[in-house]
Each structure stands twice: as C-alpha cells, then as structure tokens.
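# Topology and contacts: notes
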Amino acid sequence: MTKKDTIKIAGLENNIRVESRILEERIQKAAVEGYRQIEVTAYGQHGIGGRLWRAGNQPIKVDVLGTSGQRLGSMGFANTVIEAFGPASDDIGWLNAGAKIIVHGNATNGVANAMAQGKVYIDGNIGARGMTMTKHNPRFEPPELWVFGKVGDSFAEFMAGGIAVICGAGAEGNKNVLGYRPCVGMVGGKIFFRGNQESYSNADAKLLTELPDDEWQWLQTNMKQFLQAVGKQYLFDQLASRRKEWRLLVARKPSEKLARAVRPMSRFRNEIWDGEVGKGGVIGDLSSLDRSPIGLLPAGDLRRFIPVWANEKYLPPCQAACPTGIPVQKRWELIRQGRVDEAVDLALQYTPFPATVCGYLCPNLCMQNCTRRRVSLQAIDIKILGKASLAAKTPARLPQTGKKIAVIGGGASGLSVAWQLWMKGHEAMIIEGRKKLGGKITDSIPHSRIPADVVEHEINRLAKCIHKMQLGKPLTKERFLKLKQENDYVVIAAGAVKPRKLNVPGMEKTLTALEFLQQSKLDCAKVGKRVVVIGAGNVGCDAATEAFRLGAQSVTLIDIQPPASFGTEREHAEAAGAKFLWPRFTKEITAKGVELTDGELLPAETVIVAVGDMPDLSFLPEGIHTERGFVAVDETYATSDPQVYAIGDVVRPGLLTDAIGAGRIAARTIDGLLRGASETYDKLPAIHYERVKLQYFDPRMGEFTDTSACANSCASCGACRDCGLCEEICPQKAITRKQTASGGYEYVVDDEKCIGCGFCVGACPTGVWELAENAPIE
C-alpha cells in the first residue's frame, strides 16, 4: 500500500457533532487507503485511534486536537502513535495491545485499564483505578504507564503485569502519591514512584526504598523517552539526580504472600448466624440435626457433564461450505506436518481442476466461511495452495470394474464426474458437441481471469487418463437411447448453452453475453465506444471487463434488482470503470441505445444481454422429467430414469464448484450402486464457530505469502492439533494422551478423576472437546 500525505478528519460537520462510530469508520478508511498521518479534530468522540491494525507493519500517527472522549486509543495496535494535545477522558488505553498514547494534559479514571502492551504517557495527573487489571505476555515487552503528576485511588488494582512510573510532580509533601490503597490484588508488575506512600496493600506488594542498580538504570534510560514525548526533556537532570526520592513497589511472589485471616463457614454460623437468628438458624425450633456440609467430589457417575474428545466429528466450516467437498483443513494439516506433496496431491481426489478453479476461478466459499473472519482476522488463502496444485500427481486408480458410463458434456461437471468414475475403476466415455473440452472455462471465461496454460495443463492431465471421447458431434434422441443401451449409466452434463433473450423490441440489435465472450476469447469481437450490458451478474461483469479491454470508453451495467455479481468478476469490472444502475427496466433496443420504461435513453453503440443461459435438451427422451427447462433430479442427481443422472447447469445455474461437486456426488452414488459401497464423511454437521478459540492467533498478521504461513495460521476447526493444552490445564490431571494401534493418538479421560468442570472445553483452541449430559443415575 502506498503511503499518503496527512489527512484531516473533522468531528463536526455543518455545526453538528459526528457520531463516534462514524468518526471511527472514517479513521479506519483513511488507514486502509494508505494515510499514515491522520489529524482528528475531536468533539468528545470515543475510541479515537484504536484498532488500526489494517496499517499492518507501517507506522501510523494520529494527532487528536480538541476534546477527546472516553477510551482514547482503546485496543490500540503496535506501530500506532496517538497524541492528544489536551486532556482526555476515562479509560485511555483500555485493552491497549501495543500503541503509544501521549496525552498533553490530565486524564480521568481508568487509564491503561487491562492494557497488555504499548505505552501510555500522561503529562499531568490521572484519576482513580489507573493501571488496573493489566497483564504481560512474556513474548512481548511489558506495558508501561508514565504519569508526570500523581494518581488517584485504587491504583494498580489487580495488576498482573507491566510497569508504572509516577513522577509525583506537584505532590511534594503528599503522604500518598499513589492515592488511597493502591496494589490491592496485585499479582505482577512493578511501580516506580517519587515521594511517599504510607497506604498500600502490604499483603500483595512490597516496598523497596532504595532502587537496585539495574532498576535505576532502566528508569533513567526510559525516562528520557517519556520526557521527550511530553516536551519536558529539560527536567531530566532534575529527576534523574534525585535517586533517593524514588521508591519501588513490586508484586509479592506467591511464596511471599502474607496470610489473611479466613473465617471458616462453621465459625460464621456459630458466631454470627446463630448469634443473630438463634441456635439452629431459622429452623432451629424444628430440627437439631447436624447440618454441617458433606464433602462431595462429583467424579465418575456423579458428574452432571462429561467431556468428550470429538476429534473430526464435525466438518470445519471451510469444507462444509465447499460444494466440491475438498478437505481444506486436512491439506493445511499435512503442510504443517511437512507433507507438502501429499497436501497438493490430495485435491485431485476431489476435483480435476484444483489449480484452475481453486487457484483462479472459484469465489472461494471456503475463505468466505473461514472461522477467522468472525473476528476480522485474515481468512486462510486457499488460492496459494490452489495454484501450487498445478504440480499435483495423478492419483492411483482402483482396479478396473468393466462398468461403462457415458458422460454427455465436456465442461466442468462432465469432466468432474468422468474423473471421479475413472478413479473408481469404471470406464467413462465423454460425448461433447464442441471440438474441445472445458466448456465455458475454455471458450468464454476471459484470459484475464485464468492463464490458458493452466487450463490446458489440467485438461491434458485428465485426457491422458480418460481415452474414450467423442468430440464435435451433436447429440440426438436416437444417439441418446443407444448410449443407454451400450452403458450401465448415462450422466447428462451438457451445460447451459442457449442464451436467454428479452421479450422487447430490438433484440436483434444485441449480442448475448455468451456470444460476445466466446468471440472475445478468440480475439474477433468488436465494440463501440459506449456499451450497455443488460444484466449485472458475474457474466455481465466479465462482458464489461472485456468490453473495456477491446476499447470501450464507457460501460454501464443495468439490472432490475441489486446486482448479484460479487468476487473477482465484480472487482475487475469496477476497477476497469464500469457503472452499475438499478433498478432499470428495458423498454426497447434502438439504434441509439437502450430505452428504459421511464423514458430514459442510455446511449450505446453496443448492447450486450447477460440474463442467463438455458440448457439445450432437444436430445432428451420423453421419459425424463424436466422442470422449467431444466432436468429434474433428487439429492443424488438421479433423474426420473434410474439409469440416467444429470448434473451441472442442466439441473440449475450455479458456480463451477457446484458443477464439480455435483459430479463427485453423482459418481459416488453410481459407484455405490455398482459396488454396494457408500461414503458418509461429507454428511457430518459443520462445527459451530463459537467452539473455536481464535485468541491464540496474532491479529496483526497481514496477507499470506506462502503455504507455510497459511498452514500455521489455520484454526484447525474441529480437528485436534495435539497441542496438549487440555492435558496441561485439567485441574484433576484426568486427561492423558495415548498412542493408538494405528500409529495415531487420542486424548482419554479418566472418569474417576474427571469432575466435569469443562476447563478442557473452554481452553481447546480447535473446539474438539465438548460437554455432554451424563447418563442419569437410576
């Protein structure tokens, strides 16, 4: 992304305050567009400068003028610097994850609350509960809070990590520079301060009145940076020369914790409860039975819930969303294990076009449904692995069965079913009316979307395996009936090759999108300077992109509804300069262009109609049912004739992956009928997104550049990554890892130790563990 100059974003428009949400959207948009110096004039808006992770590793600076609202820099990211030229409100740096926040003035309550990384510099005093609930991940530098003045009450409450430095300016002679009762519940971190502090939680922290040399050295080194940031570098010699005035509060280690008096429940009952209510409590006059607690450890059959290691019992969302059924997650697992060739080769078990489709043409439903996207993480990029699949090796074929299947159509669905049947040992014969294989992939999808050599390579790989083909011969009813007699099964995969037309005057002046794209691919299409495309779906977008390539100066796509286009096709059309209009209704095509029903004329020398295609079923005998021009099928793609199956666009319009997936299902069904076998893995339910824990992944990771980065970042939804976290976190040590006879592993629960607490379920990164109701005790 190109770095741009400063952008100014105002918090007031037309004398009306901009909502905090809108202001943040504009700041985020500026970061996405490449601006790395952002000046915000604030009018009390909240959350300014937080969550600018889209800047990636590039430094980004946010200057805040005016009055900042609450949560300045909350959830700030590394490489972000936020500088407020004035005081700021509550919760500065809340959940800060790496940003440097500078405030030239006082701050109110909750400064650096729950901060995990980054630095907060305050050139003044702060209110109550500063630096509370902070934490420190040892993989990163600890969070830091620097305050030039003094702090309010309950400072460092439940502090679990980090460093605070309180200079105490203006608090000379004050008995409590850190306010009343700081450090309550403190379990980690340290606090440097200058001055006195009589009140603090002695049970949780210990006071060092003389700083060790290494601590003093750290303080001097980092104080220079703080003073430089707040414009008070001239005070360094004064502050650094008074070592004896500095103190240090350090969290006590567990072994140093001072014991607190704990009143047992029995004492409370005897001394307080019975003393107030009377002996025996509210039912003392009715019963004198011993009511002391009975110890119970709910293990074994007494547990209400039992943990179940449901490894690979659910489909990951990526695979569940893939119409082809490719086990995307399994491929990333193989790469993590160093078995890259196996990961590449595995795709050919599911599709003959792993590079063509997964690498280039597919809208990648697996990526759209990637669990990582639920928290705005980058989806794992399957295109990288798809393109690598060009080198995949042809899989081993099962022994030949002698069974014959005729496949009518050499497009994506026909080649898919033929490929699957060939792998299962059957003899597939492809009948294609055109002179080459590939269907729309080879004759109408633009070169800008798929390199010709990639398609050619994958079709040649298939052609080396499937030798029986009849190309360039139209199919008749008589020939179809003969194919039924000569083969065990027939699969209709003829595609949709008849463009739909509009019932309006002047259609003879138009080109259909299919005709235009076929001519364009042969470099024999011509267009005028102005083009109108009727139909703003993905095919219409391809036509628009090609029209620009052929010299059109303006292209307008119209539709009667919001455009259904998406993905690469829409992006290419918009990038080329296409204009989308809807709802628009065509009245007539004239020599001047497209006349709409509202009287508007869209001038055009070329009009392209892209309202869909229909299958040519003229070869179909009467015994096979159709619905609205498409072949009627059941969920296995069987037609009303038990010997005939139909897949792809002859059944319903869809994506290339829909056609390929339909071929796989039909082939599996036919093979099952011939062998009596069946497959069940794809019938598993998809795992629920909320079971997968994405807190273990770095949210700052940008675009993926190689398969290794993708594999390591895959959340492995529903499949154990053998991290051992469940075994480690179990409080009863009830979970153990065991080798299986097949050389694998499993995690086993000892029912006599397990108490059904669910820690394993809550901590499991991949969502493998689940809690089930225990069987009731009869």
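Attention here is on the structure that accompanies the text.

### Some points on the overall build of the protein
- In terms of helices and strands, the protein carries 21 helices and 34 strands.
- A compact globule built from 778 residues would reach a C-alpha radius of gyration of about 28 Å, whereas the protein, at 35 Å, exceeds it by more than 25%.
- In terms of overall dimensions, the protein has C-alpha extents of about 105 × 75 × 55 Å along its principal axes.
- Counting only residues that meet the buried cut, the protein has 50% of its 778 residues in that class.
- Look at the contacts in the protein between residues 6 or more apart in sequence, and 62% of them connect residues 24 or more apart.
- For the protein, the exposed area adds up to about 37,400 Å²; of that, 51% sits on carbon and sulfur atoms.
- Charge-centre separation for the protein: the mean point of 96 positive side chains lies 2 Å from the mean point of 87 negative side chains.

### Focus: the state of the cysteines
- Per the stated rule, a full pass over the model turns up zero disulfides.
- There is no disulfide at C322, and the cysteine sulfur nearest it, in C358, is 6.3 Å away.
- Here C366 stays unpaired: no disulfide links it, and the sulfur of C322, its closest cysteine neighbor, is 6.4 Å away.

### Comments concerning the pattern of salt bridges
- Following the criterion strictly, the structure yields 37 salt bridges and no others.
- The partner of R449 in a salt bridge is D542, and the shortest N-O contact between them spans 2.8 Å. Taken together, the residues R449 in the loop between helix 12 (440–443) and helix 13 (452–463) and D542 in helix 16 (residues 538–549) connect sequence positions 93 residues apart. There is no split in this pair, since R449 and D542 are both buried.
- As a salt-bridge pair, R549 and D523 come within 3.6 Å of each other at their nearest N and O atoms. Of this pair, R549 sits in helix 16 while D523 is found in the loop between helix 15 (513–521) and strand 21 (530–534), placing the two residues 26 residues apart along the sequence.
- Under the relative-accessibility criterion, D523 is labelled exposed at 58%.
- Taken together, the shared-partner salt bridges connect E19, R21 and E25 into one network.

### Structural notes on helix 18 (residues 656–675)
- The terminal C-alpha atoms of helix 18 lie 28 Å apart, and with 20 residues this matches the ideal 28 Å at 1.5 Å per residue to within 8%.
- With respect to burial, helix 18 is a largely interior element, 14 of its 20 residues being buried.
- With its phi angle positive at about 80°, G676 sits one or two positions after the end of helix 18.

### Considering the layout of surface pockets
- Empty space within the second largest pocket amounts to approximately 1,200 Å³.
- Lining the second largest pocket are 48 residues, with L694, Q695, F697, D698 and P699 positioned closest to its centre.
- Listed by contribution, the elements that provide at least two residues to the lining of the second largest pocket are helix 1 (20–32), helix 19 (707–713) and helix 20 (725–729).
- Among the residues forming the lining of the second largest pocket, the class breakdown is 26 nonpolar, 11 polar and 11 charged.

### Description of helix 13
- The end-to-end C-alpha distance of helix 13, which contains 12 residues, comes to 16 Å, matching closely the 16 Å that a straight helix rising 1.5 Å per residue would cover.
- Taken residue by residue, helix 13 has V454, V455, E458, I459, R461 and L462 as its buried positions. Projected down its long axis, helix 13 shows its buried positions confined to an angular sector of 155°, all on one face. For helix 13, exposure combined with an orientation more than 90 degrees from the buried face picks out D453 and E456.
- Next to the buried residues of helix 13 lie helix 8 (354–361), helix 11 (412–423), strand 16 (427–432), helix 12 and strand 17 (469–471).

### Considerations on the nonpolar core
- Membership of the largest hydrophobic core comes to 65 residues, with the highest contact counts inside it found for W332, V417, Y645 and I647.
- With eight residues, helix 11 is the largest single contributor of residues to this core.
- Aside from chain neighbours lying at most four places away, what touches V417 is V407, V491, I647, G663, A666 and A667.
- With 50 residues, the next largest nonpolar core counts L23, A55, V64 and M115 among its residues.

### Re the packing of helix 15 against helix 16
- For the pair helix 15 and helix 16, interaxial distance at closest approach is 10 Å and the crossing angle is 40°. Here helix 15 is positioned oblique relative to helix 16, judged by the angle of their axes. Our pair here, helix 15 against helix 16, has a crossing hand that is left-handed. Facing helix 15, whose interface residues are A513, F516, L517 and S520, helix 16 presents V539, D542, A543, E546, A547 and R549.
- When grouped by side-chain class, the residues that make up the contact of helix 15 with helix 16 number six nonpolar, one polar and three charged.

### Details of empty space enclosed by the protein
- On inspection of all chains with the given rule, the structure shows three cavities of 30 Å³ or more.
- Here the largest cavity is characterised by a volume of approximately 150 Å³.
- Around the largest cavity, the lining comprises 17 residues; the ones closest to its centre are C318, W332, C370, I380 and C714.
- Among the elements of the structure, helix 5 (317–321), helix 6 (328–336) and helix 9 (365–368) are those that each provide at least two residues to the lining of the largest cavity.
- With three residues, the single largest contributor to the lining of the largest cavity is helix 6.
- Grouping the amino acids of the lining of the largest cavity by side-chain chemistry returns 13 nonpolar, three polar and one charged.

### Points about the sheet that holds strand 31 (residues 644–646)
- Pairing in this open sheet of five strands is parallel, and the strands run 17-16-15-18-31 from one edge to the other. The open sheet has two free edges, formed respectively by strand 17 and strand 31, since each of these has just one partner strand. Averaged over neighbouring strand pairs, the angle between their axes works out to 15° when direction is ignored.
- Relative to strand 16, strand 15 (residues 404–408) runs parallel, the two sharing five bridges. Each residue of the ladder has a partner; that of V407, found in strand 16, is I430.

Cut-offs applied
Every chain's residues receive numbers from 1 upward, in the order its sequence appears when written. Given that this is a predicted model, residues contribute local features only at a pLDDT of at least 70 and side-chain atom pairs are listed and counted only at 80 or more, while totals for whole chains, interfaces and linings are drawn from all residues. Only hydrogens and water are set aside when side-chain values are computed; all heavy atoms of the structure are taken into account. Only DSSP runs of H or I covering at least 4 residues are called helices, and only runs of E covering at least 2 are called strands; the numbering of each starts at the N terminus. Both definitions apply: the radius of gyration is a C-alpha atom measure, and the globule rule equals 2.2 Å times residues to the power 0.38. Using a 1.4 Å probe on the protein chains alone, a residue whose accessible area is under 20% of its type maximum counts as buried, one over 50% counts as exposed, and one in between counts as partly exposed. By definition, residues are in contact when any of their heavy atoms lie within 4.5 Å. Computed by Shrake-Rupley with a 1.4 Å probe, the accessible areas treat only the displayed protein chains as cover when residues are assessed. We treat Lys and Arg as the positive residues and Asp and Glu as the negative residues; His and chain ends play no part in the count. Here the site of a charge means atom NZ of a Lys, CZ of an Arg, CG of an Asp or CD of a Glu. Count a disulfide wherever a pair of cysteine sulfur atoms falls within 2.5 Å. Any Lys or Arg side-chain nitrogen located within 4 Å of an Asp or Glu carboxyl oxygen qualifies as a salt bridge. For a helix, the expected span equals 1.5 Å multiplied by the residue count minus one. Grid points spaced at 1 Å over the protein atoms alone were grouped into cavities, where a 1.4 Å probe fits but cannot get out, and pockets, open sets with protein on both sides within 12 Å along at least five of seven lines, with lining residues defined by an atom within 4 Å of a point. Grid points are joined across faces, edges and corners, and a volume is the space filled by probe spheres set on the points. Polar here means any residue other than Ala, Val, Leu, Ile, Met, Phe, Trp, Tyr, Cys and Pro, which are nonpolar, and Asp, Glu, Lys and Arg, which are charged; Gly is therefore polar. Taken from the helix axis, the directions to the C-beta atoms give the arc we talk about. What we call a nonpolar core is a set of buried Ala, Val, Leu, Ile, Met, Phe, Trp, Tyr and Cys residues that are connected through their side-chain atoms within 4.5 Å. With axes taken as lines fitted to C-alpha atoms, and helix axes fitted only over the stretch in contact, angles between N-to-C directions fall between 0 and 180 degrees. For classification purposes, an angle smaller than 35 degrees is called roughly parallel, one larger than 145 roughly antiparallel, one from 65 to 115 roughly perpendicular, and anything else oblique. By the definition used in this description, the sense in which the near helix is turned from the far one sets the handedness, with an anticlockwise turn below a right angle giving left-handed and a clockwise turn giving right-handed. If DSSP finds at least two bridges between two strands, the strands pair.

Note that every value here comes from positions in space, so none of it alone points to a role or purpose.
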